[in-house]
Amino acid sequence: MNMAVDNQYAKSIQRIYPELFIHSVERFGSGQNNDTVLVNSELVFRFPKYEEGIEQLEREAVFLHRIVDRVPMEVPRPIYRSFYPNGIGDAFIGYKKIAGEPLETEMLHTIRDECELRRLAGQLGLFLKQLHTMEPDDIGLYGTADGVYAEWSNMYERIQTKLYPYMKQEARHWTDFHFTGFLKDKGNFEIAQVPIHGDFGTSNILYDSHRRHISGIIDFGSAGIGDPAVDYAGLLASYGERFFRFVADEYPEATDMMDRIVFYHGTFALQEALFGIENNDPAAFRNGMERFR
């Protein structure tokens, strides 16, 4: 993003909410799906980069509205919204900034006190347990095992078609083994579908270094109904086996889904590369392929 883009976003906000006085706009990150700006040093506004992201952002706003008072730590509470018939640049959600910085892997590894690590693991485990035990019907979510099978089968086909030309034979064989083993096991599609975050990793987990605790969870763009193992796989991929064991010590149900956790963990780099090639994002494609190797 550049300053002109920032100003354009400010104008979009002002058109929809003329009563909001804007005295400052600054860049606040750019993810795969959204550009983010910080308004007046206290309001976060997220703008979809792609047309299909508008509907996704609208679903995210509904999801957040239904869980915000039912989870044990702070999550975004959308105050400002603009969706249809507005297009790219005019669609957004806005909410008060949550204190803290992303808990990057390197930051977590600087914490040497095992008691503190276990406390952080307990916070994250409790958040997931509260989220995963909500009734999907209560927050307007619906899904079937057939839908989950179709989703992963479709992803496997797209990986074969779009990524295999860039992969070595050994990598293709590993991917075939990884996906076919998962898809053949009917038990993987007989689990209860629950509300999940869907992207439970370092950039979306906020840490308050002064109070030394997890201060909030953000970016619910991938949230919906699914396998709770997806969220635990995000923790494993982000912070490694030792920290994951601390989570499992507090919430042993995670160990009951370990096979599925390992499968999802093994797909993350491929998913990033696939996103890159399907959305003309060379950086995401390169990063995913390098991580996969």
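Only a predicted model underlies this, so the values are computations on that prediction, with no experimental measurement involved. (Residues numbered from 1 in each chain as written. Predicted model: local features only at pLDDT ≥ 70, side-chain atom pairs only at ≥ 80, totals over all residues. Heavy atoms only, no water.)

Digging into the overall build of the protein
And then number 1: When its secondary structure is counted, the protein shows ten helices and ten strands.
And then number 2: By the compact-globule yardstick of 19 Å for 293 residues, the protein fits well, its C-alpha radius of gyration being 20 Å.
And then number 3: Burial status across the protein gives 51% buried among its 293 residues.
And then number 4: If you take every contact in the protein between residues at least 6 apart in sequence, the share linking residues at least 24 apart comes to 66%.
And then number 5: Accessible surface computed for the protein: about 14800 Å², of which carbon and sulfur atoms make up 49%.
And then number 6: Across the protein, the centroid of the 30 positively charged side chains sits 3 Å from that of the 44 negatively charged ones. (Helix = DSSP H or I, 4+ residues; strand = E, 2+ residues; numbered from the N terminus. Rg over C-alpha atoms; globule rule 2.2 N^0.38 Å. Buried < 20%, exposed > 50% of the residue type's maximum accessible area, 1.4 Å probe, protein only. Contact = heavy atoms within 4.5 Å. Areas by Shrake-Rupley, 256 points an atom, 1.4 Å probe, with all protein chains shown as cover. Lys, Arg positive; Asp, Glu negative; His and termini not counted. Charge placed at Lys NZ, Arg CZ, Asp CG, Glu CD.)

Let's talk about the sheet that holds strand 8 (residues 205-208)
And then number 1: Ordered in space as 6-8-9, the three strands form an open sheet in which the pairing is antiparallel. Edge positions in the open sheet fall to strand 6 (101-102) and strand 9 (213-217), since each of these has one partner strand only.
And then number 2: Relative to strand 8, strand 6 runs antiparallel, the two being bridged by two bridges. Residue proline 102 lies in a different strand from strand 8, and its bridge partner there is leucine 206.
And then number 3: Seen against the sheet, helix 4 (residues 114-132) touches strand 8 and strand 9 and runs at an angle of roughly 25° to strand 9. (Pairing = 2+ DSSP bridges. Axes fitted to C-alpha atoms, helices over the stretch in contact; angles between N-to-C directions.)

What to know about the nonpolar core
And then number 1: Core analysis: the largest hydrophobic core is formed by 66 residues, its most contacted members being Phe127, Ile217 and Phe243.
And then number 2: Among the elements that line this core, the one with the most residues is helix 7 (residues 229-250), at twelve residues.
And then number 3: For isoleucine 217, the residues in contact, after removing those within four places along its chain, are Met73, Glu74, Val75, Pro76, Ile98, Leu124, Phe127, His197, Phe200, Asn204 and Ile205.
And then number 4: Counting residues in each nonpolar core, the second largest holds 14 residues, with Tyr17, Ile22, Leu43 and Tyr80 among its members. (Core = buried A, V, L, I, M, F, W, Y, C linked by side-chain atoms within 4.5 Å.)

Here we look at the packing of aromatic side chains
To describe a pair of aromatic rings, you give the distance between the ring centres and the angle between the ring planes.
And then number 1: This model, assessed by the stated rule, comprises 22 aromatic pairs.
And then number 2: Seen in terms of ring centroids, phenylalanine 45 and phenylalanine 92 are 5.5 Å apart; in terms of plane orientation they differ by 70°. Their pairing is edge-to-face. Here phenylalanine 45 is found in strand 3 (residues 43-48), whereas its partner phenylalanine 92 is found in strand 5 (residues 92-96), with 47 residues between them in sequence. Here phenylalanine 45 matches phenylalanine 92 in class, with each residue buried.
And then number 3: When the ring of phenylalanine 179 is compared with that of phenylalanine 263, the centres are 5.3 Å apart and the planes differ by 85°; the resulting orientation is edge-to-face. (Phe/Tyr/Trp six-rings, centres within 6.5 Å; stacked < 30°, edge-to-face > 60°.)

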